[in-house]
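# Understanding the architecture of this molecule
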Amino acid sequence: MSQGFSYIYAQKEHDAITMKERIFTKDFTLVIAANFAIAVVMYGLQTTIAEYAASYGATSLLAGVVTGIYTLGGLATRLASSGWMKKLGWRKMALAFTSLHFIACLLYFAAVNLPLLILVRFLHGLTFGASASVMLTIGMSLVPKSRYGEGSGYLLMGPALAMAVGPYLSGYVMDNYGGTGGFLLSSAAGLVTAVCMGLADFSSVDP
């Protein structure tokens with residue numbers, strides 16, 4: 001009987017501690033917002049950039065290159081970003097990568113021909129991969145260990161929502177305002193990403 005009471009007491013104590021460990025702090029919410037905004041850029045352009053490339057006379061093959069080279073760039077920096085974070089610090093890398101990602105969004109306005117568009121897509125992919133990897137690392141570090149599974153679900157909810165919202169927004173804007181409107185939307189979302197990471201304080205988890 002005493003063992004049963006001890007178990008119940010220990011369980012209640014554990015539940016009380018768990019309830020005290022909040023997931024949605026200001027900093028974690030900012031990371032979720034940044035994660036959502038950068039995913040809007042990715043999914044939005046991924047579904048409309050091939051049509052935009054066709055306006056430069058791109059064949060189906062080259063339109064596929066314009067779409068896919070972004071992913072190749074992203075994979076390259078995802079593999080290297082963890083090492084950079086250890087050497088230079090999380091905050092510096094978060095601010096640097098998200099700022100470069102925003103600049104890459106602006107470069108689309110200078111892509112006046114197909115070769116330049118392919119180059120910008122690759123550079124944009126590089127900055128996206130590094131930014132997304134850093135934000136995921138920081139976001140997971142801000143989640144209390146006792147609520148790790150729940151917190152990871154909330155963190156990944158941003159990209160999942162952006163998968164639905166991004167293509168719709170980008171398609172609507174490009175249909176009504178052309179490529180300029182689509183790139184303005186991406187640049188605005190890229191700026192939101194950088195600002196959110198700039199406002200977040202993760203010094204407590206930055207090794």
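Structure: see above.
Not measured: the values here are computed from a predicted model.

Procedures and definitions
- Residues numbered from 1 in each chain as written.
- Predicted model: local features only at pLDDT ≥ 70, side-chain atom pairs only at ≥ 80, totals over all residues.
- Heavy atoms only, no water.
- Helix = DSSP H or I, 4+ residues; strand = E, 2+ residues; numbered from the N terminus.
- Contact = heavy atoms within 4.5 Å.
- Areas by Shrake-Rupley, 256 points an atom, 1.4 Å probe, with all protein chains shown as cover.
- 1 Å grid on protein atoms, 1.4 Å probe; cavity = no way out; pocket = protein on both sides within 12 Å on 5 of 7 lines; lining within 4 Å.
- Points joined across faces, edges and corners; volume = space filled by probe spheres on them.
- Phe/Tyr/Trp six-rings, centres within 6.5 Å; stacked < 30°, edge-to-face > 60°.
- Buried < 20%, exposed > 50% of the residue type's maximum accessible area, 1.4 Å probe, protein only.

A separate point is the overall build of the protein chain. Assigned secondary structure in the protein chain consists of 6 helices and 0 strands. Its helices and strands in sequence order give the protein chain the pattern α-α-α-α-α-α, from N to C terminus. For the protein chain, the share of sequence-separated contacts (at least 6 apart) that also reach a separation of at least 24 residues comes to 83%. Element-wise, carbon and sulfur atoms account for 69% of the exposed surface of the protein chain, whose accessible area totals about 10800 Å².

Quantified by volume, the largest pocket comes out at close to 150 Å³. Together, Asn-35, Ile-38, Ala-39, Met-42, Arg-78, Phe-128, Ala-132, Leu-136, Leu-156 and Pro-159 line the largest pocket. Residue assignment for the lining of the largest pocket shows that the elements contributing at least two residues are helix H2 (26-54), helix H5 (114-141) and helix H6 (148-199). When residues of the lining of the largest pocket are assigned to their parent elements, the largest contribution, 4 residues, is made by H2.

In this section: the packing of aromatic side chains. As enumerated under the stated definition, the model contains 8 aromatic pairs in all. Judged by centre distance (6.0 Å) and plane angle (85°), the ring pair of Phe-109 and Phe-183 falls under edge-to-face. Taken as a pair, Phe-109 in the loop between helix H4 (90-107) and H5 and Phe-183 in helix H6 lie far apart in primary sequence, 74 residues in all. Judged by relative accessible area, which is 36%, Phe-109 ranks as partly exposed. The buried category is assigned to Phe-183, whose relative accessible area is 2%.

By themselves these figures say nothing about function.
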